[in-house]
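Coordinate analysis (summary)
Below, each chain spelled out in residue letters.
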Amino acid sequence: MEKRAAPGSLEESVRSIERAAGTLATASVARMDETLPWFRDLPAEQRAWVMLVAQAGVRSLVDWLRSRDKGGPAPADNSDEFFDAAPRALARSINLGQTVQLIRVTIEVVEEQLPLLAAPGQETGIREAVLYYSREVAFGAARVYARAAETRGAWDARLQALLVDALLRGDSSDVLASRAAALGWADAPPVAVAVGRSPGGEAAAVLHTVYRAARRIGVEILGGVHGDRLVVVLGGAADPMAATERLLVGFGDGPVVVGPAVPSLDEATESARAALAGYRAAPAWPSAPRPVSSSDLLPERALAADAEARRILRQEVYGALVRAGGELLETLDAFFAGGGVLESAARGLFVHPNTVRYRLRRIGEVTGFTPLVPRDAFTLRIALTIGRLDPLASTTPPTTG
């Protein structure tokens, strides 16, 4: 003999819903196919996952109603079970908004069938209970996606750190390409690397701040926190210096150095090395702008034993003066010897001051550094010193393999 439900209980309605669980799930998926265009485009495997979720949802509703009827655990404890039947991959294939649509369709189908499923006199009670449950399931969906986002964020932060590590080590382009592809990197040119101090805290939180700033200016980035340094790879920024200035909110105090722009991530090792060398040497120029280009730190980098900076100053600055003719070097020496006073240099060379002025302008055109600008004059002094320590290497173009 069937046990009669207690007065005020919804047990009879719950048993009716339980018997119709399979039919309700099938009807829900059919309704999704009719009303949700994006659902029709899902692969068969993912549609099957949704069917499992719908079936689990109806079973979870039944369990929840029974638990509530008996004064059991809090509804939120049971509502998460709605999603346990589907692999976590489903949360990466269907966004939160689409998940809410699936829940809404399922609940609508259940509500439409309630007049047929509810026991006499229990229609209002069961409808209110289903509405309450649907709200808790929506909160459950939000929790599932929040956990997925947190896991994905931590994984992305680690993967980005590994990619930046490979970049700093100079690993092969295949290694860089495979890790960048896993992160969805589009490799939009040009690519440049910026290095500065990390503000501290969790790496994922640090990178989130930089990503948020990058989205505002439409720049693609990858980043990694290495010790107390934040390394950011920028892609698709026509002016990497200006873009980095907009990203300073994500860096800690101190210098931020930007390496030279290169065509793609394959060649970004060059930019990363220059940026790191500049970051190490930046304390020697306390009044440096922020951010500062690694090329503007060539003299400090050379003094800090950066071989690439010494090569550039020796071959591309001193060597350019040698190849342009002796009078430019002679004029520059006289200009420095005269304390940077144009007239003093002219007297030492026995030429008109306008001749000295013309030659100084030519030095700027040949080297990219203007002697009348104090900062450029410092760079030229260091270039002269390095070039004269190894004059043969200064005038010999580098060989290529």
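A few points on the structure. Predicted model, so just to flag it, every value in this text is computed and none were measured.

Quick word on the overall build of the protein chain
- Along its length, the protein chain carries 19 helices and 5 strands.
- Buried residues in the protein chain amount to 46% of all 401 residues.
- The contacts of the protein chain with a sequence gap of at least 6 include a subset with a gap of at least 24, amounting to 68%.
- Of the accessible surface of the protein chain, which amounts to about 19900 Å², a share of 54% is contributed by carbon and sulfur atoms.

Things to note about a positive patch on the surface
- A cluster of like positive charges, contributed by R212, R215, R216 and R246, occupies part of the molecular surface.
- For the positive patch, the leading source of residues is helix α10 (residues 203–217), giving 3 residues.

Some remarks on the pattern of salt bridges
- The tally for this structure, following the rule as stated, stands at 13 salt bridges.
- Here E365 and R362 are joined by a salt bridge, their closest N and O atoms 3.1 Å apart. Remark: R362 and E365 occur in helix α17 (residues 353–367); sequence separation between them is 3 residues, near one turn of the helix.
- On the basis of relative accessibility, which here comes to 29%, the residue R362 falls in the partly exposed class.
- Overlapping salt bridges, with partners in common, bring together E11, R15, E18 and R66 in one network.

Details of the packing of helix α14 (residues 307–324) against α17
- Their axes nearest at 9 Å, the elements α14 and α17 cross at an angle of 125°. When the axis of α14 is compared with that of α17, the two are oblique. Read as a crossing pair, α14 and α17 show a hand that is right-handed. Residues V317, A320, L321 and A324 of α14 pack against I363, V366 and T367 of α17.
- Its residues placed into classes, the contact of α14 with α17 shows 6 nonpolar, 1 polar and no charged.

Focus: the layout of surface pockets
- What the largest pocket holds in volume is close to 250 Å³.
- Lining of the largest pocket is provided by P260, E270, R273, A274, A277, S294, S295, L298, R301, D306, E308 and I312.
- When contributions to the lining of the largest pocket are tallied by element, the ones reaching two or more residues are α12 (268–281), α13 (298–303) and α14.
- The greatest single-element share of the lining of the largest pocket, amounting to 4 residues, is contributed by α12.
- Residue composition of the lining of the largest pocket, grouped by class: 5 nonpolar, 2 polar and 5 charged.

Points about the pairing of strand β1 (residues 191–197)
- Of all 7 residues in β1, 6 are buried, a share of seventy percent or more.
- Relative to strand β3 (residues 229–235), β1 runs antiparallel, the two sharing 7 bridges. By the bridge assignment for β3, V191 is matched with G235.

Looking at unusual backbone geometry
- At the junction of P189 and P190, the peptide bond is cis and its omega measures out at -10° in the coordinates.
- For P190, the position within the fold is in the loop between α9 (173–182) and β1.
- Of the consecutive residues R290 and P291, the connecting peptide bond is found in the cis state with omega at 5°.
- The phi dihedral of A305 falls on the positive side, at around 70°, and the residue is not glycine.

Points about α10
- Between the first and last C-alpha of α10 there are 22 Å, a value that for 15 residues agrees with the 21 Å anticipated at 1.5 Å per step.
- Of the positions making up α10, those classed as buried are V206, L207, V210, A213 and A214. Buried residues of α10, viewed axially, fall in a sector of 125°; they line one side. Exposed and facing more than 90 degrees away from the buried side of α10 are R215 and R216.
- Looking one or two places after α10, you find G218, whose phi comes out positive at around 70°.

Quick notes on the side chain of E300
- Locating E300 in the fold gives a position in helix α13.
- You can call E300 buried: its relative accessible area is 5%.
- Apart from the residues within four sequence positions on either side, E300 is in contact with A281, A284, W285, R375 and F378.

Quick word on the sheet that holds strand β2 (residues 220–226)
- As summarised here, the arrangement of the 5 strands in space is β2-β3-β1-β4-β5, forming an open sheet in which the pairing is mixed. Because the sheet does not close on itself, it has two edges, and the strands there are β2 and β5 (292–293).
- Sitting on the sheet, α10 touches β2 and β3, and the angle it makes with β2 is about 155°.

What counts and how
Residues numbered from 1 in each chain as written. Predicted model: local features only at pLDDT ≥ 70, side-chain atom pairs only at ≥ 80, totals over all residues. Heavy atoms only, no water. Helix = DSSP H or I, 4+ residues; strand = E, 2+ residues; numbered from the N terminus. Buried < 20%, exposed > 50% of the residue type's maximum accessible area, 1.4 Å probe, protein only. Contact = heavy atoms within 4.5 Å. Areas by Shrake-Rupley, 256 points an atom, 1.4 Å probe, with all protein chains shown as cover. Patch = residues over 30% accessible without salt bridge, like charges linked within 9 Å, V, L, I, M, F, W, Y side chains within 5 Å. Salt bridge = Lys/Arg side-chain N within 4 Å of Asp/Glu carboxyl O. Lys, Arg positive; Asp, Glu negative; His and termini not counted. Charge placed at Lys NZ, Arg CZ, Asp CG, Glu CD. Axes fitted to C-alpha atoms, helices over the stretch in contact; angles between N-to-C directions. Parallel < 35°, antiparallel > 145°, perpendicular 65-115°, else oblique. Left-handed = near helix turned anticlockwise from the far one by under 90°. Nonpolar A, V, L, I, M, F, W, Y, C, P; charged D, E, K, R; others polar. 1 Å grid on protein atoms, 1.4 Å probe; cavity = no way out; pocket = protein on both sides within 12 Å on 5 of 7 lines; lining within 4 Å. Points joined across faces, edges and corners; volume = space filled by probe spheres on them. Pairing = 2+ DSSP bridges. Expected span 1.5 Å × (residues − 1). Arc of directions from axis to C-beta.

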